[in-house]
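# Observations on the model geometry
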Amino acid sequence: MKRRFLALIAPPVAVCKFGCAGCCAAPIGVFWIAGLVSLIYAFFGGPEGAEGFSAGTFILGAILWGIATTWAELTINGLDADDQCDQQNSSLCRMVKPTLDDNDPLDEIKKFQ
């Protein structure tokens, strides 16, 4: 619950705290900050310079914030799944861990020389 709440309020902080900061905290932060700026800018008329509230700019900010939140949740959940490599249910572990019948790529190159 705490993880989901933090991912909703501050997605880059949630990724840094519960996930891998080097994975995608920076792009998530860009989406989140752009959404935050867009939400605030909507109350000042948006890019149209309209008097009062700009609904389009507000919707854009909400969409950007939603993308950041969804991306943070997927990153955190993906890292949780990848930590369970012994169970072979992780897509990362299936791609990275070699099996016994895998050939060594360097042996393949040596055959052609």
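Now for a quick tour of the structure. These figures come from a predicted structure and were not determined experimentally.

## Some remarks on the nonpolar core
The nonpolar side chains of a soluble globular protein tend to be buried with one another. One finds Ala14, Val15, Ile28, Trp32 and Ala72 to be the most contacted residues of the largest nonpolar core, which totals 14 residues. Those elements that provide at least two residues to this core are helix H1 (2–9), helix H2 (11–18), helix H3 (21–42) and helix H4 (55–82). Here the element with the most residues in this core is H3; it accounts for 5 residues. In this structure Trp32 touches Ile9, Ala10, Pro11, Pro12, Trp65 and Ala68, once residues within four positions along its chain are discounted.

## Considering the packing of aromatic side chains
Applying the stated criterion across every chain, the model contains 5 aromatic pairs. For the pair Phe43 and Phe53, a centre-to-centre distance of 5.2 Å together with 55° between the ring planes defines the contact as tilted. Note that Phe43 is positioned in the loop between H3 and H4 and Phe53 in the loop between H3 and H4, a separation of 10 residues in sequence. With a relative accessible area of 53%, Phe43 lands in the exposed category. Site record: aromatic cluster; members linked through ring pairs are Phe43, Phe53 and Phe58.

Cut-off values and rules
- Residues numbered from 1 in each chain as written.
- Predicted model: local features only at pLDDT ≥ 70, side-chain atom pairs only at ≥ 80, totals over all residues.
- Heavy atoms only, no water.
- Core = buried A, V, L, I, M, F, W, Y, C linked by side-chain atoms within 4.5 Å.
- Buried < 20%, exposed > 50% of the residue type's maximum accessible area, 1.4 Å probe, protein only.
- Helix = DSSP H or I, 4+ residues; strand = E, 2+ residues; numbered from the N terminus.
- Contact = heavy atoms within 4.5 Å.
- Phe/Tyr/Trp six-rings, centres within 6.5 Å; stacked < 30°, edge-to-face > 60°.

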